[in-house]
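Observations on the three-dimensional arrangement
The lines below spell out each chain.
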Amino acid sequence: MAMTSAVDDSGVRDGGLDAPEAVSALLRAAGEPARLTILQHLFEGPHRVRDLVEHLGLAQSTVSAHVACLRECGLVEARPVGRAVEYRLAHPDLVRGLLDATLRLLDATGFAVLECASVPAARAVR
């Protein structure tokens, strides 16, 4: 069965049968706390893994793995600078929109997700 994609009347792309899985995967990738923090740091401008290690206080291997995930998901892009590599947001306006919309939705729901028994990570954040 061929997958098709079309834009509906609201301007939203319908990804066919895989759209819920793709949306879920993107939200998991962006929503992991360390990766979300990396995305937030990249709003300030390009960073090297070394810079992110200093900001996050995580091991270099952990930060590298998170950056690799964000890059593989298309959220972050790399640019060689001398012998180092700088990472930046691939689509800063769209990532900002996603984060802003998420905060508005949390506000509208009274942060109910923090009380949701089906979301164990939400309880751990408290």
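Scroll up a little and you will see the structure.
Residues numbered from 1 in each chain as written. Predicted model: local features only at pLDDT ≥ 70, side-chain atom pairs only at ≥ 80, totals over all residues. Heavy atoms only, no water.

Quick look at the packing of aromatic side chains now. Counted according to the given criterion, the structure contains zero aromatic pairs. Lying across the ring of F43, R96 places its NZ or CZ 3.8 Å from the centre. (Phe/Tyr/Trp six-rings, centres within 6.5 Å; stacked < 30°, edge-to-face > 60°. Lys NZ or Arg CZ within 6 Å of the ring centre and 35° of its normal.)

This paragraph deals with the packing of helix α1 (residues 19-31) against helix α2 (residues 33-42). Relative to each other, α1 and α2 sit at 75 degrees, their axes nearing to 5 Å. Between α1 and α2, the angle is such that the two are roughly perpendicular. Counted together, R28, A29, A30 and G31 of α1 and P33, R35, L36 and L39 of α2 form the full contact between these two elements. Class assignment of the residues belonging to the contact of α1 with α2 gives a composition of five nonpolar, one polar and two charged. (Axes fitted to C-alpha atoms, helices over the stretch in contact; angles between N-to-C directions. Helix = DSSP H or I, 4+ residues; strand = E, 2+ residues; numbered from the N terminus. Parallel < 35°, antiparallel > 145°, perpendicular 65-115°, else oblique. Contact = heavy atoms within 4.5 Å. Nonpolar A, V, L, I, M, F, W, Y, C, P; charged D, E, K, R; others polar.)

Let us look at the environment of I38. Along the chain, the position of I38 falls in helix α2. Under the relative-accessibility criterion, I38 is labelled buried at 0%. Not counting residues up to four positions away in its chain, the partners in contact with I38 are L52, L56, V63, H66, V67 and L70. (Buried < 20%, exposed > 50% of the residue type's maximum accessible area, 1.4 Å probe, protein only.)

A side chain of one charge can pair with a side chain of the opposite charge when the charged atoms of the two come close. One pass over the full model with this rule turns up two salt bridges. Here R48 and D51 are joined by a salt bridge, their closest N and O atoms 2.9 Å apart. Overall, R48 belongs to the partly exposed group, its relative accessible area being 28%. The class of D51 is buried, set by a relative accessible area of 17%. Its salt-bridge partner being E86, residue R79 comes within 3.1 Å of it at the nearest N-O pair. (Salt bridge = Lys/Arg side-chain N within 4 Å of Asp/Glu carboxyl O.)

With that settled, the discussion passes to the packing of helix α3 (residues 49-56) against helix α4 (residues 60-72). As a packed pair, α3 and α4 sit with axes 9 Å apart at the nearest point and diverge in direction by 115 degrees. In this view, α3 runs roughly perpendicular relative to α4, as classed from their interaxial angle. Crossing geometry of α3 relative to α4 is assigned as right-handed. Contacts from V49, L52 and V53 of α3 reach α4 at Q60, V63, S64 and V67. A per-class count over the contact of α3 with α4 returns five nonpolar, two polar and no charged. (Left-handed = near helix turned anticlockwise from the far one by under 90°.)

Of note, F111 is a non-glycine position whose phi angle comes to about 55 degrees, a positive value. Inspection of the secondary structure assignment puts F111 in the loop between α5 (92-108) and α6 (120-125).

A few words now on the environment of L36. Position of L36 relative to the elements: it lies in helix α2. Between the C-alpha atoms of L36 and L70, which are 34 residues apart in sequence, the distance is 9.6 Å. Excluding residues that lie within four positions of it along the chain, L36 makes contacts with A30 and L99.

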